[in-house]
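# Summary of structural features
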Amino acid sequence: MVKVIFLDRDGVINKCAKEHEYITQWENFEFLENVPKAIKLLTDAKYKIVVISNQRGIARGVMTKNEVDELHKRVNEYLNSKDTNIDLFLYCPHEIGECNCRKPGIGLFLAAEKLFNVDKSHSYMIGDSDSDIAAGHNFGVKTIFIGDYNNLADICCKSLYEAVQIILGIGRCV
Ligand SMILES: [Zn+2]
């Protein structure tokens, strides 16, 4: 079995786009502080990293799947240069209410489960929105909220780096 860290993308790994805008290319992709370092700590500790994000901009015609795939490739090229890696990028390209993969649905988690024998009791969903936390709960992993406070999350903290410290037992919960 493998321990998996499921990560939301925008607002957890990289800075969010402005409201009603989407991150569509590498040039607009900005890692949040210490994120590559946080991901390396996790991969060094033998966690698999699976990004699960809602990318409704595809359904809305704002961006294409090819652009999203190309962006994710660039993200991994950068992480590879830092000696780490995201194992899998999964995203929902659909409109609201049209599928079971848009979070808080768990379709993408089930897709990941086909590839990895997920050890749910040692796996986490980390996100910055209610739908991330709900999705993690629905799938049955522990949840970490990045932001001020979320009453449904198991743990709340300020950044992915801080979350990783807590997961690895090298930091303290706020
Ligand atoms: Zn979907």
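Refer to the structure presented above.
Described below are features of the structure shown in this document. These numbers come from a predicted model, not from an experiment.

Moving on to the coordination of the zinc ion. At 2.1 to 2.2 Å from the zinc ion lie its protein donor atoms, namely Cys92 (SG), His94 (ND1), Cys99 (SG) and Cys101 (SG). Note that the zinc ion binds four donor atoms; their angles at the metal cover 102 to 117°, and the shape is tetrahedral. In terms of primary sequence, the donors binding the zinc ion are separated according to C-x1-H-x4-C-x1-C.

With that settled, the discussion passes to the sheet that holds strand β1 (residues 4-7). Reading across from one edge, β3-β2-β1-β4-β5-β6 is the order of the six strands in this open sheet, with parallel pairing throughout. Edge positions in the sheet fall to β3 (88-92) and β6 (155-157), since each has one partner strand and no second. Each adjacent strand pair in this sheet contributes to an overall mean axis angle of 20°, direction not counted.

Next up on the list: unusual backbone geometry. The peptide bond linking Lys103 to Pro104 adopts the cis configuration, its omega dihedral lying at 15°. Relative to the helices and strands, Pro104 resides in the loop between β3 and α3 (107-115). Phi is positive for Asn34, close to 65°, though the residue is something other than glycine. One can find Asn34 in the loop between β1 and α1 (35-44). Judged by its relative accessible area of 29%, Asn34 falls in the partly exposed class. In this structure, Asp83 takes a positive phi of about 70° despite not being glycine.

This part covers the pairing of strand β2 (residues 48-54). Here β2 lies mainly inside the structure; five of its seven residues are buried. Here β1 runs beside β2; their pairing, made up of four bridges, is parallel. Bridge pairing in β2 links Ile5 to Ile49. Chirality of the crossover, the property in question, places the unit of β1, α1 and β2 among those that are right-handed. In this sheet, β3 lies alongside β2 in parallel orientation, the contact comprising five bridges. Among the inter-strand pairings, Val51 is bridged to a residue of β3, identified as Phe89.

Calculation rules
- Residues numbered from 1 in each chain as written.
- Predicted model: local features only at pLDDT ≥ 70, side-chain atom pairs only at ≥ 80, totals over all residues.
- Heavy atoms only, no water.
- Donors = N, O, S within 2.8 Å, 3.2 Å for Na, K, Ca; no water.
- Tetrahedral: all angles 85-135°; square planar, octahedral: opposite > 155°, others 65-115°.
- Pairing = 2+ DSSP bridges.
- Helix = DSSP H or I, 4+ residues; strand = E, 2+ residues; numbered from the N terminus.
- Axes fitted to C-alpha atoms, helices over the stretch in contact; angles between N-to-C directions.
- Buried < 20%, exposed > 50% of the residue type's maximum accessible area, 1.4 Å probe, protein only.
- Right-handed = clockwise from strand over helix to strand, strands pointing away.

By themselves, these figures tell us nothing about what the structure is for.
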